[in-house]
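Descriptive analysis of the structure
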Amino acid sequence: MELNRRTVIAGAAAAGIAATTLGGTAHATGGKKPVKSLFGKLADGTKVHSWSLENGGTRLKVLSYGGIVQSLEIPDRRGRYTNVSLGFDNIEDYVANSPYFGALIGRYGNRIAKGKFTLDGKNYQLDVNDGEQSLHGGAKGFDKRVWNVEPFTKGSDVGLYLYYTSVDGEMGYPGTLKTKVTYTLTRHGDWRIDYEATTDKATVVNLTSHVYWNLAGESSGTIYDHELSIAASRYTPVDSGLIPTGELARVGGTPFDFRSTKTVGEDIRVPHQQLLYGKGIDHNWALDKGITARPQHVATLRDPSSGRTMKIATTEPGLQFYSGNFLDGSFAGTGGSIYRQGDALCLETQHFPDSPNQPSFPSTTLRPGQTYRSTTVHSFGK
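Conventions and cut-offs
- Residues numbered from 1 in each chain as written.
- Predicted model: local features only at pLDDT ≥ 70, side-chain atom pairs only at ≥ 80, totals over all residues.
- Heavy atoms only, no water.
- Core = buried A, V, L, I, M, F, W, Y, C linked by side-chain atoms within 4.5 Å.
- Buried < 20%, exposed > 50% of the residue type's maximum accessible area, 1.4 Å probe, protein only.
- Helix = DSSP H or I, 4+ residues; strand = E, 2+ residues; numbered from the N terminus.
- Lys, Arg positive; Asp, Glu negative; His and termini not counted.
- Salt bridge = Lys/Arg side-chain N within 4 Å of Asp/Glu carboxyl O.
- Contact = heavy atoms within 4.5 Å.
- Pairing = 2+ DSSP bridges.

What follows concerns the nonpolar core. If you look at the biggest cluster of nonpolar residues, it comprises 57 residues, and the most contacted ones within it are W191, W213, W285 and F321. Listed in part, the 22 residues of the second largest apolar core include A103, I105, Y322 and Y339.

And the structure:
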(Lines give C-alpha, C1' and ligand atoms only; values in the text may rest on other atoms or scores of the structure.)
Protein backbone atom coordinates (compact mmCIF):
# COMPACT_ATOMS: atom_id res chain seq x y z
CA MET A 1 0.00 0.00 0.00
CA GLU A 2 1.35 3.41 -0.97
CA LEU A 3 0.91 5.38 2.23
CA ASN A 4 2.48 8.57 0.90
CA ARG A 5 0.08 9.00 -1.96
CA ARG A 6 -2.07 12.07 -1.70
CA THR A 7 -5.83 11.88 -1.49
CA VAL A 8 -7.71 11.17 -4.72
CA ILE A 9 -8.64 14.69 -5.79
CA ALA A 10 -8.96 16.27 -9.18
CA GLY A 11 -8.27 12.87 -10.73
CA ALA A 12 -9.65 12.53 -14.22
CA ALA A 13 -9.86 8.79 -13.77
CA ALA A 14 -11.92 9.21 -10.61
CA ALA A 15 -14.40 11.36 -12.46
CA GLY A 16 -15.34 8.41 -14.64
CA ILE A 17 -15.72 5.78 -11.93
CA ALA A 18 -18.14 3.15 -13.13
CA ALA A 19 -20.85 1.54 -11.05
CA THR A 20 -19.65 -1.58 -9.29
CA THR A 21 -21.67 -4.69 -8.54
CA LEU A 22 -20.19 -7.26 -6.19
CA GLY A 23 -22.55 -10.16 -5.93
CA GLY A 24 -25.56 -7.92 -5.33
CA THR A 25 -29.19 -8.88 -5.49
CA ALA A 26 -30.37 -10.81 -8.52
CA HIS A 27 -33.01 -8.18 -9.22
CA ALA A 28 -32.42 -5.98 -12.25
CA THR A 29 -35.56 -3.90 -12.60
CA GLY A 30 -36.18 -0.30 -13.51
CA GLY A 31 -36.32 1.99 -10.49
CA LYS A 32 -39.32 3.94 -9.30
CA LYS A 33 -39.23 7.72 -9.33
CA PRO A 34 -38.12 9.02 -5.87
CA VAL A 35 -41.09 10.09 -3.70
CA LYS A 36 -40.86 13.14 -1.43
CA SER A 37 -42.82 13.58 1.81
CA LEU A 38 -42.68 15.77 4.92
CA PHE A 39 -40.83 14.05 7.77
CA GLY A 40 -41.01 16.83 10.35
CA LYS A 41 -39.88 20.31 11.30
CA LEU A 42 -36.90 21.62 13.24
CA ALA A 43 -37.41 23.94 16.22
CA ASP A 44 -36.94 27.00 13.99
CA GLY A 45 -39.66 25.78 11.63
CA THR A 46 -37.34 24.45 8.91
CA LYS A 47 -39.03 21.58 7.09
CA VAL A 48 -37.28 18.22 6.89
CA HIS A 49 -38.31 15.98 4.02
CA SER A 50 -37.85 12.29 3.39
CA TRP A 51 -37.20 10.75 0.00
CA SER A 52 -38.18 7.15 -0.73
CA LEU A 53 -36.32 5.24 -3.45
CA GLU A 54 -36.69 1.70 -4.71
CA ASN A 55 -34.66 -0.19 -7.29
CA GLY A 56 -33.31 -3.67 -7.93
CA GLY A 57 -34.85 -5.08 -4.75
CA THR A 58 -33.47 -2.39 -2.41
CA ARG A 59 -35.64 0.19 -0.67
CA LEU A 60 -34.00 3.34 0.66
CA LYS A 61 -35.39 6.28 2.64
CA VAL A 62 -33.24 9.41 3.00
CA LEU A 63 -33.78 12.60 5.01
CA SER A 64 -32.78 16.11 3.95
CA TYR A 65 -31.55 16.58 7.54
CA GLY A 66 -28.00 15.29 7.65
CA GLY A 67 -28.44 13.30 4.43
CA ILE A 68 -29.53 10.59 6.84
CA VAL A 69 -30.35 7.07 5.68
CA GLN A 70 -33.49 6.69 7.79
CA SER A 71 -34.07 3.13 6.60
CA LEU A 72 -32.65 0.65 4.10
CA GLU A 73 -34.66 -2.49 3.41
CA ILE A 74 -33.39 -5.62 1.67
CA PRO A 75 -34.83 -9.15 1.41
CA ASP A 76 -33.56 -12.25 3.18
CA ARG A 77 -33.08 -15.66 1.55
CA ARG A 78 -36.85 -16.17 1.61
CA GLY A 79 -37.59 -12.79 0.04
CA ARG A 80 -38.77 -11.19 3.30
CA TYR A 81 -37.91 -7.52 3.67
CA THR A 82 -36.67 -5.76 6.77
CA ASN A 83 -34.90 -2.53 7.64
CA VAL A 84 -31.21 -3.28 8.26
CA SER A 85 -30.15 0.18 9.50
CA LEU A 86 -30.68 1.77 12.91
CA GLY A 87 -32.53 5.05 13.21
CA PHE A 88 -35.59 6.92 14.48
CA ASP A 89 -39.11 7.52 13.20
CA ASN A 90 -39.17 11.23 14.12
CA ILE A 91 -36.96 14.27 13.62
CA GLU A 92 -36.94 15.18 17.32
CA ASP A 93 -34.93 12.08 18.26
CA TYR A 94 -32.47 12.66 15.42
CA VAL A 95 -31.81 16.17 16.74
CA ALA A 96 -31.64 15.25 20.42
CA ASN A 97 -30.32 11.70 20.64
CA SER A 98 -28.71 10.44 17.46
CA PRO A 99 -25.17 9.01 17.59
CA TYR A 100 -24.83 9.84 13.88
CA PHE A 101 -27.41 7.25 12.79
CA GLY A 102 -27.23 6.98 8.99
CA ALA A 103 -25.72 10.43 8.57
CA LEU A 104 -23.38 12.08 6.09
CA ILE A 105 -20.24 13.02 7.99
CA GLY A 106 -18.11 16.11 7.37
CA ARG A 107 -16.14 18.15 7.07
CA TYR A 108 -13.90 15.57 8.64
CA GLY A 109 -14.99 12.03 9.41
CA ASN A 110 -13.46 10.60 12.59
CA ARG A 111 -11.25 12.37 15.13
CA ILE A 112 -8.73 15.20 14.99
CA ALA A 113 -6.52 15.40 18.10
CA LYS A 114 -7.52 18.27 20.39
CA GLY A 115 -9.29 19.80 17.40
CA LYS A 116 -6.04 21.34 16.19
CA PHE A 117 -4.00 21.21 13.01
CA THR A 118 -1.55 23.36 11.07
CA LEU A 119 -1.86 23.96 7.34
CA ASP A 120 0.53 26.10 5.29
CA GLY A 121 2.03 27.47 8.50
CA LYS A 122 -1.30 28.60 9.98
CA ASN A 123 -2.81 27.05 13.10
CA TYR A 124 -6.48 26.15 13.20
CA GLN A 125 -8.69 25.36 16.20
CA LEU A 126 -11.77 23.27 15.45
CA ASP A 127 -14.87 22.73 17.52
CA VAL A 128 -14.12 20.14 20.24
CA ASN A 129 -17.04 17.80 20.93
CA ASP A 130 -15.57 14.44 22.03
CA GLY A 131 -13.62 14.95 25.23
CA GLU A 132 -10.50 16.76 24.05
CA GLN A 133 -11.01 15.79 20.42
CA SER A 134 -12.98 17.07 17.45
CA LEU A 135 -15.21 14.27 16.13
CA HIS A 136 -17.06 14.07 12.80
CA GLY A 137 -16.76 17.78 12.01
CA GLY A 138 -17.71 19.20 15.41
CA ALA A 139 -20.90 19.67 17.39
CA LYS A 140 -22.77 20.85 14.30
CA GLY A 141 -21.17 18.95 11.47
CA PHE A 142 -22.71 17.95 8.16
CA ASP A 143 -24.89 15.41 10.00
CA LYS A 144 -26.85 18.28 11.59
CA ARG A 145 -27.31 20.45 8.50
CA VAL A 146 -30.30 20.51 6.17
CA TRP A 147 -29.15 19.58 2.67
CA ASN A 148 -30.70 20.65 -0.59
CA VAL A 149 -31.95 17.50 -2.32
CA GLU A 150 -32.74 16.90 -5.99
CA PRO A 151 -34.08 13.54 -7.23
CA PHE A 152 -33.00 11.99 -10.50
CA THR A 153 -33.61 9.03 -12.76
CA LYS A 154 -30.84 8.10 -15.15
CA GLY A 155 -31.35 5.11 -17.39
CA SER A 156 -32.22 2.24 -15.06
CA ASP A 157 -30.76 4.02 -12.00
CA VAL A 158 -32.55 6.27 -9.52
CA GLY A 159 -31.09 8.54 -6.91
CA LEU A 160 -30.63 11.84 -5.13
CA TYR A 161 -28.22 14.73 -5.45
CA LEU A 162 -27.51 16.31 -2.06
CA TYR A 163 -25.90 19.76 -1.82
CA TYR A 164 -24.48 21.68 1.11
CA THR A 165 -22.16 24.70 1.28
CA SER A 166 -20.07 25.00 4.43
CA VAL A 167 -18.94 28.60 4.90
CA ASP A 168 -15.40 29.68 5.75
CA GLY A 169 -14.81 29.21 9.49
CA GLU A 170 -17.73 26.86 10.12
CA MET A 171 -16.78 24.67 13.08
CA GLY A 172 -13.31 26.22 12.74
CA TYR A 173 -12.51 24.87 9.26
CA PRO A 174 -10.91 27.18 6.70
CA GLY A 175 -12.41 27.84 3.28
CA THR A 176 -15.92 27.76 1.87
CA LEU A 177 -16.50 24.13 0.95
CA LYS A 178 -19.11 23.33 -1.70
CA THR A 179 -20.18 19.71 -1.31
CA LYS A 180 -22.22 17.45 -3.56
CA VAL A 181 -23.08 13.89 -2.57
CA THR A 182 -24.89 11.53 -4.93
CA TYR A 183 -26.89 8.57 -3.63
CA THR A 184 -27.67 6.08 -6.40
CA LEU A 185 -29.73 2.90 -6.32
CA THR A 186 -28.70 0.84 -9.33
CA ARG A 187 -30.85 -1.64 -11.22
CA HIS A 188 -29.01 -4.39 -9.32
CA GLY A 189 -30.00 -2.91 -5.96
CA ASP A 190 -26.53 -1.53 -5.15
CA TRP A 191 -26.37 1.62 -3.04
CA ARG A 192 -23.59 3.83 -4.40
CA ILE A 193 -22.29 7.03 -2.80
CA ASP A 194 -20.25 9.56 -4.79
CA TYR A 195 -18.72 12.47 -2.87
CA GLU A 196 -17.43 15.69 -4.45
CA ALA A 197 -16.17 18.93 -2.89
CA THR A 198 -14.35 22.12 -3.88
CA THR A 199 -12.90 24.91 -1.75
CA ASP A 200 -11.78 28.52 -2.14
CA LYS A 201 -9.05 28.17 0.50
CA ALA A 202 -6.74 25.33 1.51
CA THR A 203 -8.57 23.05 3.94
CA VAL A 204 -8.89 19.42 5.05
CA VAL A 205 -11.73 17.10 3.99
CA ASN A 206 -12.70 13.54 4.89
CA LEU A 207 -16.30 12.64 4.04
CA THR A 208 -18.06 9.39 4.92
CA SER A 209 -21.38 7.74 5.75
CA HIS A 210 -22.30 6.58 9.24
CA VAL A 211 -24.97 3.89 8.74
CA TYR A 212 -25.37 1.47 11.64
CA TRP A 213 -25.87 -1.98 10.11
CA ASN A 214 -27.65 -5.03 11.44
CA LEU A 215 -28.35 -7.41 8.56
CA ALA A 216 -30.68 -9.52 10.71
CA GLY A 217 -32.85 -6.43 11.02
CA GLU A 218 -33.03 -3.32 13.13
CA SER A 219 -34.03 -4.21 16.73
CA SER A 220 -33.13 -7.90 16.22
CA GLY A 221 -30.32 -8.02 18.83
CA THR A 222 -26.55 -8.01 18.60
CA ILE A 223 -24.36 -8.29 15.52
CA TYR A 224 -21.76 -10.44 17.27
CA ASP A 225 -22.76 -13.48 15.17
CA HIS A 226 -22.38 -11.53 11.90
CA GLU A 227 -19.50 -12.80 9.77
CA LEU A 228 -17.00 -10.19 8.57
CA SER A 229 -13.92 -10.05 6.40
CA ILE A 230 -11.70 -6.98 5.79
CA ALA A 231 -8.94 -6.89 3.18
CA ALA A 232 -6.35 -5.25 5.41
CA SER A 233 -3.09 -6.49 6.90
CA ARG A 234 -2.60 -3.42 9.09
CA TYR A 235 -4.61 -1.11 11.30
CA THR A 236 -3.93 2.15 13.12
CA PRO A 237 -3.65 1.63 16.91
CA VAL A 238 -4.95 4.46 19.11
CA ASP A 239 -4.20 6.04 22.45
CA SER A 240 -6.69 6.39 25.30
CA GLY A 241 -8.31 9.33 23.47
CA LEU A 242 -8.86 7.12 20.38
CA ILE A 243 -6.30 9.14 18.41
CA PRO A 244 -3.94 7.11 16.17
CA THR A 245 -0.42 6.74 17.52
CA GLY A 246 0.99 6.94 13.99
CA GLU A 247 1.89 3.26 13.91
CA LEU A 248 0.61 0.93 11.20
CA ALA A 249 0.41 -2.28 13.20
CA ARG A 250 0.02 -5.74 11.71
CA VAL A 251 -3.31 -7.38 12.43
CA GLY A 252 -1.81 -10.89 12.59
CA GLY A 253 -2.14 -12.44 16.03
CA THR A 254 -4.53 -9.71 17.25
CA PRO A 255 -8.34 -9.37 17.57
CA PHE A 256 -8.13 -7.07 14.54
CA ASP A 257 -7.33 -9.82 12.04
CA PHE A 258 -10.34 -10.11 9.72
CA ARG A 259 -8.36 -11.17 6.64
CA SER A 260 -10.19 -14.49 6.88
CA THR A 261 -13.89 -14.40 7.65
CA LYS A 262 -14.80 -14.65 11.32
CA THR A 263 -17.68 -13.56 13.52
CA VAL A 264 -17.67 -10.04 14.89
CA GLY A 265 -17.91 -11.34 18.45
CA GLU A 266 -15.19 -14.00 18.22
CA ASP A 267 -12.42 -11.86 19.75
CA ILE A 268 -14.31 -8.81 20.97
CA ARG A 269 -13.92 -9.76 24.66
CA VAL A 270 -10.22 -10.58 24.41
CA PRO A 271 -8.27 -8.55 27.02
CA HIS A 272 -6.34 -6.50 24.46
CA GLN A 273 -5.37 -2.92 25.34
CA GLN A 274 -6.78 -1.55 22.09
CA LEU A 275 -10.19 -3.10 22.81
CA LEU A 276 -10.09 -1.58 26.29
CA TYR A 277 -9.43 1.87 24.84
CA GLY A 278 -12.34 1.54 22.41
CA LYS A 279 -14.68 -0.35 24.76
CA GLY A 280 -14.76 -2.77 21.85
CA ILE A 281 -13.75 -2.16 18.26
CA ASP A 282 -13.53 1.47 17.13
CA HIS A 283 -10.52 1.44 14.83
CA ASN A 284 -9.34 2.26 11.33
CA TRP A 285 -8.04 -0.47 9.03
CA ALA A 286 -5.36 0.52 6.50
CA LEU A 287 -6.73 -1.26 3.45
CA ASP A 288 -4.24 -3.34 1.48
CA LYS A 289 -5.32 -1.77 -1.82
CA GLY A 290 -4.54 1.82 -0.73
CA ILE A 291 -6.13 4.68 -2.67
CA THR A 292 -7.64 3.65 -5.99
CA ALA A 293 -9.26 5.54 -8.85
CA ARG A 294 -12.11 3.02 -8.98
CA PRO A 295 -13.91 1.27 -6.12
CA GLN A 296 -12.37 -2.05 -5.18
CA HIS A 297 -13.84 -4.70 -2.88
CA VAL A 298 -12.58 -4.31 0.71
CA ALA A 299 -15.11 -5.93 3.06
CA THR A 300 -17.93 -8.47 3.26
CA LEU A 301 -20.53 -8.66 6.03
CA ARG A 302 -22.99 -11.58 6.31
CA ASP A 303 -25.77 -12.48 8.69
CA PRO A 304 -26.04 -16.29 8.74
CA SER A 305 -29.55 -16.30 10.21
CA SER A 306 -31.15 -14.39 7.30
CA GLY A 307 -28.57 -15.04 4.61
CA ARG A 308 -28.29 -11.30 3.92
CA THR A 309 -24.88 -10.22 2.67
CA MET A 310 -23.34 -6.81 2.10
CA LYS A 311 -20.14 -6.25 0.13
CA ILE A 312 -18.33 -2.91 0.21
CA ALA A 313 -16.14 -1.48 -2.53
CA THR A 314 -14.40 1.89 -2.20
CA THR A 315 -11.74 4.21 -3.57
CA GLU A 316 -10.70 5.12 -0.01
CA PRO A 317 -7.55 3.85 1.77
CA GLY A 318 -9.18 3.26 5.15
CA LEU A 319 -12.18 1.58 6.79
CA GLN A 320 -13.36 2.47 10.28
CA PHE A 321 -15.01 -0.53 11.93
CA TYR A 322 -17.09 0.49 14.94
CA SER A 323 -18.93 -2.24 16.86
CA GLY A 324 -21.65 -0.07 18.42
CA ASN A 325 -19.85 0.17 21.76
CA PHE A 326 -21.53 3.36 22.96
CA LEU A 327 -25.14 2.33 22.35
CA ASP A 328 -26.14 2.46 26.00
CA GLY A 329 -29.85 1.69 26.13
CA SER A 330 -30.84 5.31 26.64
CA PHE A 331 -33.22 5.50 23.65
CA ALA A 332 -35.43 3.36 21.44
CA GLY A 333 -35.24 3.18 17.66
CA THR A 334 -37.46 2.82 14.62
CA GLY A 335 -38.79 -0.60 15.61
CA GLY A 336 -39.62 0.46 19.18
CA SER A 337 -36.82 -1.52 20.84
CA ILE A 338 -34.08 -0.04 23.01
CA TYR A 339 -30.66 0.01 21.33
CA ARG A 340 -27.89 -1.54 23.40
CA GLN A 341 -24.17 -2.13 22.97
CA GLY A 342 -23.41 -4.30 19.94
CA ASP A 343 -26.87 -3.97 18.36
CA ALA A 344 -25.26 -2.72 15.13
CA LEU A 345 -21.91 -1.95 13.55
CA CYS A 346 -20.53 0.75 11.27
CA LEU A 347 -18.13 0.27 8.35
CA GLU A 348 -17.07 3.80 7.40
CA THR A 349 -14.89 4.16 4.30
CA GLN A 350 -12.51 7.05 4.83
CA HIS A 351 -9.03 8.51 5.00
CA PHE A 352 -7.32 7.87 8.31
CA PRO A 353 -8.25 9.61 11.59
CA ASP A 354 -6.13 12.63 12.57
CA SER A 355 -4.42 12.70 9.17
CA PRO A 356 -3.82 16.50 9.32
CA ASN A 357 -1.47 15.81 12.27
CA GLN A 358 0.07 12.60 10.91
CA PRO A 359 2.47 13.35 8.01
CA SER A 360 2.94 9.64 7.20
CA PHE A 361 -0.80 9.14 6.60
CA PRO A 362 -2.43 9.78 3.20
CA SER A 363 -3.12 13.50 2.87
CA THR A 364 -6.58 14.96 3.36
CA THR A 365 -5.62 18.46 2.17
CA LEU A 366 -7.82 20.05 -0.50
CA ARG A 367 -6.74 23.21 -2.31
CA PRO A 368 -8.49 25.71 -4.59
CA GLY A 369 -8.72 24.40 -8.13
CA GLN A 370 -8.84 20.78 -6.97
CA THR A 371 -11.91 18.56 -6.62
CA TYR A 372 -12.24 16.06 -3.82
CA ARG A 373 -13.77 12.81 -5.09
CA SER A 374 -14.55 9.57 -3.34
CA THR A 375 -16.84 6.63 -4.13
CA THR A 376 -18.21 3.76 -2.06
CA VAL A 377 -20.57 1.02 -3.26
CA HIS A 378 -22.67 -1.27 -1.05
CA SER A 379 -23.85 -4.42 -2.82
CA PHE A 380 -26.50 -6.63 -1.24
CA GLY A 381 -27.12 -10.32 -1.68
CA LYS A 382 -28.71 -13.33 -0.03
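Glycine aside, a negative phi is what most residues show, and trans is what most peptide bonds show. In this chain, G106 is followed by R107 through a cis amide linkage whose omega measures 0°. Looking at the secondary structure, you find R107 in the loop between β6 (103-105) and β7 (111-112). The backbone of D120 shows a phi angle near 55°, a positive value even though the residue is not glycine. Mapped onto the elements, D120 comes out in the loop between β8 (116-119) and β9 (122-125). Although it is not a glycine, S219 adopts a positive phi angle of roughly 70°. Position of S219 among the secondary structure elements: in the loop between β16 (208-210) and β17 (227-230). Residue classification places S219 among the partly exposed residues on the basis of a relative accessible area of 29%.

A word on the side chain of D343. Mapped onto the elements of the fold, D343 is located in the loop between β26 (338-340) and β27 (346-350). Summary of buried charges: D343 has no salt-bridge partner, and the nearest side chain of opposite charge, R340, is 6.4 Å away. Sequence-distant contacts of D343, that is, excluding residues within four places in its chain, are made with L86, N214, G221, T222, I223, L327 and I338.

Another aspect to go through is the sheet that holds strand β14 (residues 191-199). Strand order across the open sheet formed by 9 strands is β11-β12-β13-β14-β29-β23-β22-β17-β20, with antiparallel pairing between neighbours. Strands with a single pairing partner mark the edges of an open sheet, and in this sheet they are β11 (148-154) and β20 (262-263). Where strand β22 (residues 296-302) lies against strand β23 (residues 309-314), 6 bridges are found, and the strand directions are antiparallel. Its bridge partner lying in β23, T300 is registered against K311.

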